[in-house]
Amino acid sequence: MSDPISILLVDDHVMVRTAFKDRLELEPDMTVVANVGTADEAIKEVAKFMPDIVLMDVDMPGMLCFDAAKAMNTASFATRVIFLSAFFHDRYIEQALDVKAWGYITKSESEQSLVKAIRDVSSGVAYFSPEVQSRIVVDSKGPRLARANRSRATTLTTREMEILRYLARGMSKKEIAGTLHISVNTVNRHTSSVMNKLDIHDRVDLARFAIREGMAEA
Amino acid sequence: MTGVQQHIEESLAENEANFHALADNANDGLLIATESGDYVYANARAAQITDYSVAELLKMGYRDLAHPDELERVNRIYSDRLAGKPSPRQYETTLVRKDGRSVPVEITASLTIWHQRRATLVIIRDIVERDQAAREKGRLEEHLHLAQKMEAVGQLASGVAHDFNNLLTVILCSVDRLKETLADNHPALDTIATIEEAAHQATGVTRALLTFSQEAPAEKKPIRLQTALQDSARLLRRTLPASIELVVGDDCHPPLWINADGTQLQQILLNLAINARDAMPHGGSLRISAAPASQSELRAWKDVCDSRTPYVCVTVSDTGAGITPDVQSRIFEPFFTTKPRGRGSGLGLAIVHGLLKEHSGHITVVSEIGKGTTFHVFLPRAGSPAPQETDHAPIKTPHGHGETVLLVGNDPHMRGIVTMALESLGYEVIQAGDGLNIRQCRERHRNKIRAIILDGDVADQSGGKPLSTGSVRSWLDDLRQAGIRAPAVIISDDPAFDQTDSFDTRTKLLLKPFKVPDLGRLIGELRSDTAAQEVQP
């Protein structure tokens, strides 16, 4: 008999983690090796356990889940990330595909869907809803989501997007610098560039833009 | 004339010239009235406000200008001032112009000396524009206040929805576990089913909250309004009871195009229809029509619309109970409802308001108690789209029936995505990541492979640079020699992979970028071409 699918659960709500853990451990071919409440902790646990699957909430305090997923890909090549979210959101799905996530599932989907997603991904088959599947475009960089309208956000570089997401969460520039391991001056430079590109010169309006674009939760 | 006298007279003349220059250029009307109330001075602006000439005014008195309803009050103020009794220095009143029109004015009056006699200096300010500006300001403030309130409630709602959704996840997980633990005939299962149903309904509420808070950005594209109304009518006929007649306006106008999110437009109409349905518990008629918005309709809400943009107007009209004016002023507020507790969330029209804001649109309501309510939805009109932008009927992707597809590529993530898509199209997929894998798959699945997909950007067996055209061909030749004659698709972003001279007729090139359904269609085409070749003698 092959080893059970090892799973790391990442969600800032303890009750959600417990509920998922209890449910997944009913499956004989699955085992939850750890469950943590932040993306930072998750990276450490991935390096420690090298789980087959990381089931991670999209919106958590602290480090952004998409940045964490990139770090996980480096820490454990075989680990595959499935994102959990309250609802489908193009911006999240785009970012999930960018960081080579293997699945995106909403919390309102049935438990059977969750179990199937984990099994599929573990066997090398991605898991996205049929609506998302029909919009996936494969180009030279890999799969991405085709969007009807590209917004001004597409003019931002990856780093500028990161800065914008952290700003939208209300983090100070010092906190952002600490999280991304860059200087406050660099954060200032990126922030000015974001404001110029978006023609938004107020932090509150930047946050509103980020929420509207699905880069941050309201 | 002495030098001093001459100097005094010159000085007086200069002062008078200065006075006239100031008075004639003043923005307010200036009048000087004698103790008997007759005018002895009037400036140009006073003539403009009253529509009389200066010469005519100098033959009149304040009683001639006062509105009959105001005359008694004005007389009292005038006589009190002259008698030294307390009287308002500034007051608002109405004058009657020469053309008969009434004009609201603000009067500032004070005693003065005019040519050595007591007189009254009257300053008249036309307050029509000021009143209009105040009303305009009030309307804008009201609009801003509502927008701010909606935004604040939206953010609150969004936060609540996310936390609430997490709790629902826990409830649904626990329900599922309970169901699996209990025997099929356990008496608690009915109660558990009720909990589950309620939790699913609550999920719908959180979804509505997030829609209201506009978390989901609109995906706008050109939509032909008349077609969208007909599509919505089909949905509404299923939603409305038989006692309500639904009439969707005839297509009597040229095609009206808007740039909108189709789903959100449908939600706007659905929410308005549900509102109408609830206003007609005993049945009635619901009419929906679309037409270009007239200038007079647009003038009514010029403070929020772009005057340079043409708009369309969708009219949703019912024959229901009507809405009282005090309720009308609140119907777009979130959580405001007149429905009994538990019957309405109070978000339906707030969502409509929010969605229209997202579309740079606007909504107005006209209602008469006992006769019905009409909502006018204004949306910016778009030009007819270029043919390629219109909605084409989707090209049907042929589905497989469990046939096996060999998928070769060295990026496991891309293989995972393509496998997912192919499996959803009904194919069974065998993945191979390198040459060794291919050989193993060839030996193991030789007889069941019905199609081959080869990522041309796959690295060679040593894991180095991507395969050249020649290498891909040698791999394909290898498969063909092993007896696998299945059609093949080579995926690459390198146009040099042109199969016309390098590959057989069973092989086609799919250039990146491509949509996953394109791959399904190509496999379908290749399989039918191959089948046709095989039946030819």
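Residues numbered from 1 in each chain as written. Chains lettered and ligands numbered in written order. Predicted model: local features only at pLDDT ≥ 70, side-chain atom pairs only at ≥ 80, totals over all residues.

Moving on to the overall build of chain A. A count of helical and extended segments in chain A gives 10 helices and seven strands. Across the 218 residues in chain A, those meeting the buried criterion constitute 45%. The contacts in chain A between residues at least 6 apart in sequence include a share of 63% that link residues at least 24 apart. (Helix = DSSP H or I, 4+ residues; strand = E, 2+ residues; numbered from the N terminus. Buried ≥ 20, exposed ≤ 12 C-beta atoms within 10 Å, placed from the backbone. Contact = placed C-beta atoms within 7 Å.)

Each helix and strand in chain B was counted, giving 17 helices and 18 strands. Taken over 537 residues, chain B has a buried fraction of 30%. At a minimum sequence separation of 6, the contacts of chain B that also span at least 24 residues come to 64%.

The next subject is the pairing of strand β2 (residues 39-42) of chain B. Regular strands have side chains that alternate between both faces of the sheet. Residues and elements named next belong to chain B. Bridge count between strand β1 (residues 29-34) and β2: three bridges; the pairing is antiparallel. By the bridge assignment, A33 is partnered in β2 with Y39. Joining the antiparallel neighbours β1 and β2 is a turn of four residues, in which G37 adopts a positive phi near 100°. (Pairing = 2+ DSSP bridges.)

Turning next to helix α13 (residues 412-424) of chain B. Residue and element names in this part refer to chain B. When the terminal C-alpha atoms of α13 are compared, their 18 Å separation across 13 residues agrees well with the 18 Å that a helix rising 1.5 Å per residue should span. Buried residues of α13: R415, G416, I417, V418, T419, M420, A421 and L422, and no others. Looking one or two residues past α13, G426 carries a phi angle of roughly 100°, positive in sign. (Expected span 1.5 Å × (residues − 1).)

Residue and element names in this part refer to chain A. Remark: helix α8 (residues 173-180) packs on helix α9 (residues 184-198), axes separated minimally by 8 Å, with the N-to-C direction vectors making an angle of 110°. With respect to each other, α8 and α9 are oriented roughly perpendicular. Contacts between α8 and α9 involve K173, K174, I176 and A177 on the former and, on the latter, V184, V187, N188 and T191. In terms of residue class, the contact of α8 with α9 is built from four nonpolar, two polar and two charged. (Axes fitted to C-alpha atoms, helices over the stretch in contact; angles between N-to-C directions. Parallel < 35°, antiparallel > 145°, perpendicular 65-115°, else oblique. Nonpolar A, V, L, I, M, F, W, Y, C, P; charged D, E, K, R; others polar.)

A42, V54, L55, C65, I82 and F83 of chain A together with I453 of chain B are the most contacted members of the largest nonpolar core, which totals 89 residues. Ignoring sequence-local partners within four residues, the contact set of I453 of chain B consists of V405, L407, V408, V418, V489 and I491 of chain B. Among the nonpolar cores identified, the runner-up in size contains 39 residues, and L225, L236, A273 and V377 of chain B belong to it. (Core = buried A, V, L, I, M, F, W, Y, C linked by C-beta atoms within 7 Å.)

Quick look at the confidence of the model for chain B now. Mean pLDDT over chain B works out to 78, with 77% of the residues at or above the 70 mark. Residue range residues 387-394 of chain B is modelled with pLDDT below 50. Its contacts to residues more than four positions away, or to other chains, number three contacts. (pLDDT = per-residue confidence, 0-100.)

All right, on to the sheet that holds strand β4 (residues 102-114) of chain B then. Residue and element names in this part refer to chain B. Here five strands make up an open sheet; going across it, the order is β2-β1-β5-β4-β3 and the pairing antiparallel. The open sheet has two edge strands with one neighbour each: β2 and β3 (90-96). Averaged over neighbouring strand pairs, the angle between their axes works out to 35° when direction is ignored. Strand direction decides the pairing type here: β4 and strand β5 (residues 117-126), joined by 10 bridges, are antiparallel. Bridged to T112 within β5 is A119.

Among the secondary structure elements, E525 of chain B is positioned in helix α17 (residues 516-535). Linking E525 of chain B and P487 of chain B, residues 38 residues apart in sequence, is a C-alpha distance of 9.7 Å.

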